[in-house]
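Examining the three-dimensional arrangement
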Amino acid sequence: MPIHRSVKTLISKAGWHAYNTYRKGVHYHFKLSRVAVLLEAPRETIEAYQAERLEELLRHAYQTTPYYRELLKTETPNIAEIPPLEKKHIREQLDALCSTAFTEAQRIENATGGSTGTPLTFYQDRNYWNQRNLSVYYFDRWAGWNFGQPQLVIWGAPVDLENDGHWKHRLGNFWRNQQWLNGFHLTDTAMLEIFEQMEEAPPQTILAYPSSLYQFATFLSENGLIPQWNLKGIIASAEMLHPHYRALAEIVFKAKVYNRYGGREVGLIGMECAEGRMHINCRDIYLEIDSPDPYSEPGEILITQLNNYAMPFIRYRIGDIGMLSDEVCPCGNSLPILAELLGRTTATFRTRMGTLIHGGYFTRQFYGVKGVNQFQIIQETLKHCVLKVVVNRQWTEATRRSLVQCIQKALGEEVVVTVKFVEDIPLAASGKREYTISKVGTPATD
Ligand SMILES: [Zn+2]
């Protein structure tokens with residue numbers, strides 16, 4: 001590493017340490033080593049920790065929030081019997097969900113676009129954020145990240161980018177030693193520019209939206225640009241990581257992609273290890289699957305956030321579908337494994353027989369079909385689907401037939417598929433690309 005780069009790394013590392021220690025009061029080196037002790041402990045230790053934290057949270061929620069006092073009826077309820085917290089409850093009863101133990105000034109407002117673009121506002125406290133950051137630091141190290149080490153960030157959440165170009169954002173990037181590529185405006189010029197910059201000063205890790213990562217990888221591969229960055233790892237977060245995204249990124253960047261699963265409402269939920277299993281962040285999260293048998297039948301993921309005392313999230317229906325595994329991970333970590341993360345409920349289709357078809361089924365079949373530049377499949381009703389396509393000259397009647405058949409094969413022969421030719425398929429309000437949307441059979445939670 002050239003001297004000026006080592007110096008930059010050192011400055012960033014020291015700056016970050018000073019910032020966290022003196023401004024936020026988090027002695028992260030010390031705290032991080034304690035986080036590691038817990039997250040690398042045997043299963044019994046982790047379960048005992050969770051049980052204790054859960055009890056504490058439920059007592060706090062009962063004692064200080066009008067919503068949970070009414071709902072729980074007791075300080076020591078059985079968690080499995082508590083009705084899940086839906087997004088509509090947050091919209092309709094935001095004040096009643098806030099703890100009276102926190103003043104308005106102590107609450108930190110946050111929001112998410114939601115998968116259908118309807119914003120959801122909620123509150124978190126300082127401790128939630130400190131714990132959330134510690135978890136991100138801990139788990140990102142699995143992918144080769146470390147304090148002060150150079151990172152390329154390909155990101156584009158509107159809330160995150162409000163301050164783009166602002167001095168605070170720039171200063172933050174300096175301390176964090178991050179280079180940003182705006183995932184919302186991935187123009188050829190911007191991608192070429194960042195590629196050239198990275199050739200000069202290579203990143204050690206990449207943090208990206210999977211779809212932006214894929215777009216960048218496609219651009220590089222189509223233009224014969226071969227990164228020589230010696231990356232330690234790539235962290236993909238905030239969207240569904242499709243197998244073809246992962247495959248292309250791993251070839252182009254010659255590094256492993258680590259899937260990080262989380263949500264603005266509850267923080268980091270799970271992280272993939274070097275063996276490709278997603279471990280659950282049991283320090284911050286108590287995760288349940290709403291299914292008769294979470295080990296064999298996928299169901300909706302329910303999250304209890306253990307640190308956010310300003311506004312407790314108990315059995316929060318986050319809107320994703322998943323399944324557990326009882327496998328012992330070869331990586332040696334004892335945190336439980338989320339076996340199947342099937343993504344958004346809005347992307348999971350339902351047949352007339354009640355079978356769940358994951359949106360990934362369609363993206364796998366449609367990916368690479370000649371004649372199609374972009375597509376989006378919308379399940380309007382159990383009997384009707386709309387397929388939007390942006391086509392090119394290679395599109396033929398046979399292509400149309402085979403795509404329609406593919407949908408009917410999954411959802412039923414009797415399903416009517418309307419093919420709509422469009423000029424463009426815009427990104428969702430959240431800035432994410434939605435290939436599959438189902439308006440059928442998902443609870444009205446978003
Ligand atoms: Zn593992």
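These numbers were taken from a predicted model, which means no experiment stands behind them.

**Observations regarding the overall build of the protein**
Broken down by element type, the protein carries 14 helices and 19 strands. Counted over contacts in the protein with a minimum sequence separation of 6, partners at least 24 positions apart contribute 67%.

**Here we look at the nonpolar core**
One broad rule of soluble globular proteins: the nonpolar side chains tend to lie buried together. Judged by nonpolar contacts, the single largest core of 79 residues is most densely connected at Ile154, Ile206, Ala208, Leu213, Ile234 and Ile303. With 5 residues, the single largest contributor to this core is strand β12 (residues 316-325). The contact partners of isoleucine 234, leaving out residues within four places of it in the chain, are Ala143, Thr205, Ile206, Ala208, Leu213, Ala249, Phe253, Ala255, Val257 and Tyr258. Core analysis: the next-biggest nonpolar cluster, separate from the first, contains 11 residues, Phe362, Phe375, Leu403 and Leu411 among them.

**Here we look at the sheet that holds strand β16 (residues 372-381)**
Whether parallel or antiparallel, the strands of a sheet pair through hydrogen bonds between backbone atoms. On the basis of which strands lie adjacent, the open sheet formed by 4 strands has the order β18-β17-β16-β19 and mixed pairing. Sheet topology places β18 (416-421) and β19 (436-438) at the edges, where each strand pairs with a single neighbour. Pairs of neighbouring strands in the sheet enclose a mean axial angle of 15°, with direction left out of account. Across the sheet, helix α14 (residues 397-411) lies against β16, β17 (384-391) and β18, angled at about 140° from β18, the strand it touches most.

**Points about the packing of helix α11 (residues 210-222) against helix α12 (residues 243-253)**
Orientation of α11 relative to α12, taken along the N-to-C sense of each, is 50°, at an axis distance of 9 Å. Looking at the two axes, α11 sits oblique to α12. As α11 packs across α12, the resulting crossing turns out to be left-handed. Judged by residue contacts, Pro210, Leu213, Tyr214, Ala217, Thr218, Leu220 and Ser221 of α11 engage Tyr245, Leu248, Ala249, Val252 and Phe253 from α12. Partitioning the contact of α11 with α12 into residue classes produces 10 nonpolar, 2 polar and no charged.

**Re the pairing of strand β10 (residues 285-290)**
Only one face of β10 is covered, namely the one carrying Ile285, Leu287 and Ile289; the face carrying Tyr286, Glu288 and Asp290 has none of its residues buried. Relative to strand β11 (residues 299-305), β10 runs antiparallel, the two sharing 6 bridges. From the neighbouring strand, tyrosine 286 faces β11, where its bridge partner is threonine 304.

**Looking at the environment of isoleucine 321**
Relative to the assigned elements, isoleucine 321 resides in strand β12. For isoleucine 321 and leucine 342, which are 21 residues apart along the polypeptide, the C-alpha to C-alpha distance reads 5.2 Å.

**Considering the confidence of the model for the protein**
Residues at a pLDDT of 70 or more form 89% of the protein, whose mean pLDDT is 88. Low confidence marks residues 442-446, where pLDDT is under 50. Its contacts with residues over four positions away, or in another chain, come to 15 contacts.

**A closer look at the packing of helix α2 (residues 28-39) against helix α7 (residues 126-140)**
Two elements in contact, α2 and α7, have axes whose closest approach is 10 Å; the angle formed by their N-to-C orientations is 70°. What the angle tells us is that α2 and α7 run roughly perpendicular. The element α2 and its partner α7 pack so that their crossing is right-handed. The segment α2 lies against α7, with Tyr28, Lys31, Leu32, Val35, Ala36 and Leu39 engaging Leu134, Tyr137 and Tyr138.

**Quick look at the environment of methionine 240**
Locating methionine 240 in the fold gives a position in the loop between β6 (233-237) and α12. Sequence separation between methionine 240 and glutamate 434 is 194 residues, and the spatial gap between their C-alpha atoms is 9.5 Å.

**Describing the environment of glutamine 50**
With respect to the helices and strands, the residue glutamine 50 is situated in helix α3 (residues 43-64). A C-alpha to C-alpha distance of 7.1 Å links glutamine 50 and arginine 283, two positions 233 residues apart in sequence. Those residues in contact with glutamine 50 that lie beyond four places of it in its chain are Cys282 and Tyr286.

**Section: α3**
The terminal C-alpha atoms of α3 lie 31 Å apart, and with 22 residues this matches the ideal 32 Å at 1.5 Å per residue to within 8%. Buried within α3 are the following residues: Leu57, Leu58 and Ala61. Each buried residue of α3 sits inside an arc of 100° when the element is viewed along its axis, so together they form one side. Relative to its buried face, α3 has exposed residues pointing more than 90 degrees away, namely Glu44, Ala48, Ala51, Glu52 and Glu56.

**Focus: unusual backbone geometry**
Positive phi values are uncommon outside glycine, yet lysine 73 reaches one of about 65°. Inspection of the secondary structure assignment puts lysine 73 in the loop between α4 (66-72) and α5 (87-92). The residue lysine 254 is not glycine, and still its phi comes out positive at about 50°. Residue placement: lysine 254 occurs in the loop between α12 and β7 (257-263).

**Examining α7**
Here α7 contains 15 residues, and its C-alpha end-to-end distance of 21 Å stays within 8% of the 21 Å for a straight helix at 1.5 Å per residue. Buried residues in α7 make contact with α2, β2 (120-124), β6, β7 and β8 (267-272).

Cut-offs used in this document
Residues numbered from 1 in each chain as written. Predicted model: local features only at pLDDT ≥ 70, side-chain atom pairs only at ≥ 80, totals over all residues. Helix = DSSP H or I, 4+ residues; strand = E, 2+ residues; numbered from the N terminus. Contact = placed C-beta atoms within 7 Å. Core = buried A, V, L, I, M, F, W, Y, C linked by C-beta atoms within 7 Å. Buried ≥ 20, exposed ≤ 12 C-beta atoms within 10 Å, placed from the backbone. Pairing = 2+ DSSP bridges. Axes fitted to C-alpha atoms, helices over the stretch in contact; angles between N-to-C directions. Parallel < 35°, antiparallel > 145°, perpendicular 65-115°, else oblique. Left-handed = near helix turned anticlockwise from the far one by under 90°. Nonpolar A, V, L, I, M, F, W, Y, C, P; charged D, E, K, R; others polar. pLDDT = per-residue confidence, 0-100. Expected span 1.5 Å × (residues − 1). Arc of directions from axis to C-beta.

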